[in-house]
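Observations on chain architecture
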Amino acid sequence: MNATSIPSSAPLLPPLLSQMLKRYGPLIAIIALHIGLFYALRSGLVHQVAKALPTEIFASFITEEPAPQPRPQAAEPKTVPVVKKQITQPTPRPVVTAAPSPQAITETAAPAQESKEPPAAAAPSAPAASTAAATPKTISGVSYINAPRPVYPPLDARMGNEGTVTLRVLINEKGRAEKVEVQKSSGSLRMDDAARDAVMRALFKPYLEDGKPTPAYAIVPINFTLSK
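Here's a quick rundown of the structure. (Residues numbered from 1 in each chain as written. Predicted model: local features only at pLDDT ≥ 70, side-chain atom pairs only at ≥ 80, totals over all residues. Heavy atoms only, no water.)

1. Some thoughts on helix α4 (residues 189-201)
Spelled out, the test is: Here a strand is any run of E in DSSP of at least two residues, a helix any run of H or I of at least four, and the numbering for each starts at the N terminus. Between the first and last residue of a helix there are one fewer steps than residues, each counted as 1.5 Å, and that sum is the expected span. Relative accessible area decides the class of each residue, using a 1.4 Å probe on protein chains only: under 20% of the type maximum gives buried, over 50% gives exposed, and in between gives partly exposed. The arc in question is formed by the directions pointing from the helix axis toward the C-beta atoms. The contact criterion used is simple: two residues touch if any of their non-hydrogen atoms lie within 4.5 Å.
For α4, which comprises 13 residues, the first-to-last C-alpha distance of 19 Å matches the rise-based estimate of 18 Å (1.5 Å per residue) to within 8%. For α4, the set of buried residues is Met191, Asp192, Ala194, Ala195, Ala198 and Val199. Summarising the axial view, the buried residues of α4 lie within an arc of 165 degrees, below the 170-degree limit, and thus occupy one face. Those residues of α4 that are exposed and aimed more than 90 degrees away from the buried face are Leu189 and Arg201. Summarising the contacts, the buried residues of α4 are in contact with α3 (154-159), β3 (163-171), β4 (177-184), β5 (203-204) and β8 (216-224).

Here it is as structure tokens:
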């Protein structure tokens, strides 16, 4: 039995057309794509799609903050009960005095023998350690080696003040005035001070007693008189 070929119902493309499609197919697809894009631009479809898309996207990250930890509370001071100790006083023990044994020998102190020596004579009372120093004598007249030269106070001289100062002077063994006292004032303290300074600078002849220089008091008058 001979096999018979079954004719295909689909029409076959001519070989020339198929070669043209293979060669120019990609170019035709690119041209069609450009035509579609141009149509979309003319119809405003691209602008609508661009408006529908979001322009900017903001993203923010939220970090969880740690919850604040509670502060530790100060521990309350513990109250310690005070326990009073009872002090037990020791019971006093009786003091036992031992009785002396019969064999104990007690020594008795021998009576002191009276000394037959006669008592020593009482020492004579010692003289006083120091005797009161004799007060210097007060003499009536004095002699000078360097007589006192008082300086008249300028204010008293301008005011015309005059007067006499009576001084009580203690003259030592060297003829110097050791102590000067105003016995009678002239009425002006300035003249009294000037008279005292003059006597302290003066040099007296020492007072002789039994040929020996001895301190003595002397009354020395100093006159302040303006020459006219």
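Next comes the rest of the write-up.
2. Quick look at a nonpolar patch on the surface
Test applied: For patches, a residue must show more than 30% relative accessible area and have no salt bridge; joins then use 9 Å for like charges and 5 Å for nonpolar side chains, namely Val, Leu, Ile, Met, Phe, Trp and Tyr. Accessible surface area values rest on a Shrake-Rupley calculation with a 1.4 Å probe, where residue burial reflects the displayed protein chains alone. Whenever Lys or Arg places a side-chain nitrogen within 4 Å of a carboxyl oxygen from Asp or Glu, that contact is recorded as a salt bridge.
Residues Leu16, Leu17, Met20, Leu21, Tyr24, Leu27, Ile28, Ile31 and Ile35 make up a contiguous nonpolar surface patch of roughly 880 Å² in combined accessible area. Inspection of the secondary structure puts Ile31 in helix α1 (residues 15-43). Note on Ile31: relative accessible area 46%, which makes it partly exposed.

3. Some remarks on the side chain of Asp192
What counts is decided by this rule: For the charge count, each Lys or Arg is scored as positive and each Asp or Glu as negative, with His and the chain ends excluded.
Mapped onto the secondary structure, Asp192 falls in helix α4. One buried charged residue, Asp192, forms no salt bridge at all, with the nearest opposite charge on Arg196 at 6.3 Å. For Asp192, the contacting residues outside a window of four places in its chain are Val165, Ser185 and Ser186.

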